[in-house]
Amino acid sequence: MGVTGAAGPVMDRDEVDRALARLGAEHEAIETSLLALQDHAGRRLLEGAELTGTTKERWAAAEQEITRLWAYFDAYTDTLTSARELRGRRRWPSREELVELTELLRGESVTIAGGAPASGAPASLTGPSRLSEQFTLSALVERMNGLYASSLDMVVAADAVWSALPARIDLLSAELARTRELGKAVGVRPGEHPAGDDLDRITQELTALRAQVVSDPLAFWRPTPGSSAPGGGRPDTERYDREARALEEVRREIDAVLGVRQDAELRLGKLRDLLSRADRTLAEARAARGEVLAKIAASEVPAVSGPPTALQEQLATAAEYRRSAQWHRLSPLLESLEQKAESELLRARESLEKVTQPLAVRAELRGRLDAYRAKVARHGAAEDPLLIERYDAARRMLWSAPCDLRVAEQAVLRYQQAAAEVLSPRVPHQGQPTDRRGD
């Protein structure tokens, strides 16, 4: 156009009209956003809450930012209104009017009064305090966008935490109350059962957690790394999740105690049966030990312990717990007794097996001797003098008391060797007689 000013080349009428239309749309969008921020539930909550910590500090700064936003918007509105009025004077504006419109629309035509920040508030985003600042409309919009994003991010983050955590904490607290009542019914109380102490601790932690969430929600906000969108992040539920898991563990413990109440008599009956079987097995082992000592010579026979009186006493205590409905004490005692009773029965069986081992060896030798004698008889060699002699010797040893198993085993072995020679006679060397008498 050949005419320039402080704001650069002077705009023509069409450029002015297009700029006014664009700025008008921006003005409407900004106003809508500011009103939405003003009515945001999170902002209203922040205004009425007794804040602490990080949230208190950031909200003090955000309130100043929001106040400054409205001041910027008012200045923007005044400048835009002045430009519209100037453009509306005539259909074809004069050169002087175009110069003035260019200055309004493109130049640093917006003056914002400055001043020192409030006591305790952070320094202005624009640097040191000044009496006033000059902006173009575009620069002012950019400044408002930055302040708006910062303020909205803080408001959205606080609102997200308040929307997520307190309600979940309240639900967990209600579940905690139900669990506490259920625990009392089965004797799970603080000072009497570890799960009761856990319930007390969880209650205190949830109470403290809710108070902190309400007063300082931003302490429980985790921004998403690299996200520039307002409210980019998530509430930090780590402490809540930890207490929820702890409560679930307590609930399982109480369920186990309830299960004990329902099947206590059945489990006690099984325990009585196990201990009775162990006692009978030990009695059998003691009787067998006496028999072994009387009938088997030169044999190491292990000692047999007495009846499981300690377990019987614990079983009586468990029965008393059941009669007095002390389920929280009965539950761990039953579990311990069930393991010990199984071990006791296994130990009794092992003791019986070790004690009767010599009798089992004697029975095996007797069976082997009779089996070889029957085999010899089937082959028609039962009347062989050497076999008769060795059979009688082995039989006397095995059927006499006390029986020396080592000597008896040697006698049976000699009878086996003689029987093998009879059933499969060796071919003698020519001119040599066959001698089957042995040693």
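Structure's up top.
In this report, we go over the structure that sits alongside the text. (Residues numbered from 1 in each chain as written. Predicted model: local features only at pLDDT ≥ 70, side-chain atom pairs only at ≥ 80, totals over all residues. Heavy atoms only, no water.)

**Describing helix α4 (residues 95-106)**
- The end-to-end C-alpha distance of α4, which contains 12 residues, comes to 16 Å, matching closely the 16 Å that a straight helix rising 1.5 Å per residue would cover.
- When α4 is considered as a whole, its buried residues turn out to be E97, L98, L101, T102, L104 and L105. Taken end-on, α4 shows its buried residues confined to a sector of 165 degrees, consistent with a single buried face. Along α4, the residues that are exposed and aim more than 90 degrees away from the buried face are R95 and E96. (Helix = DSSP H or I, 4+ residues; strand = E, 2+ residues; numbered from the N terminus. Expected span 1.5 Å × (residues − 1). Buried < 20%, exposed > 50% of the residue type's maximum accessible area, 1.4 Å probe, protein only. Arc of directions from axis to C-beta.)

**With respect to the side chain of E344**
- In this fold, E344 is placed in helix α9 (residues 327-355).
- There is a polar contact of 2.4 Å between the side chain of E344 and the side chain of R347.
- Among residues more than four places away in sequence, those in contact with E344 are A278, L282, P308 and L311. (Polar contact = N/O pair within 3.5 Å; in protein donor to acceptor, adjacent residues only side chain to side chain. Contact = heavy atoms within 4.5 Å.)

**Here's the deal with the nonpolar core**
- Counting residues in hydrophobic clusters, the biggest one holds 108 residues, and the most contacted among them are L46, W59, Y76, L105, M144 and V213.
- Of all the elements, helix α7 (residues 238-295) adds the most residues to this core, at 18 residues.
- Not counting the four nearest positions on each side in its chain, L46 is found in contact with L51, T55, W59, M154, V155, A158 and W162. (Core = buried A, V, L, I, M, F, W, Y, C linked by side-chain atoms within 4.5 Å.)

**Focus on the pattern of salt bridges**
- Applying the stated criterion across every chain yields a total of 24 salt bridges.
- Between E181 and K184 there is a salt bridge, with its nearest N and O atoms 3.8 Å apart. Taken together, the residues E181 and K184, both in helix α5 (residues 137-185) and 3 residues apart, mark about one turn of the helix.
- Through salt bridges that share partners, E175, R178, R251 and D255 make up one connected network. (Salt bridge = Lys/Arg side-chain N within 4 Å of Asp/Glu carboxyl O.)

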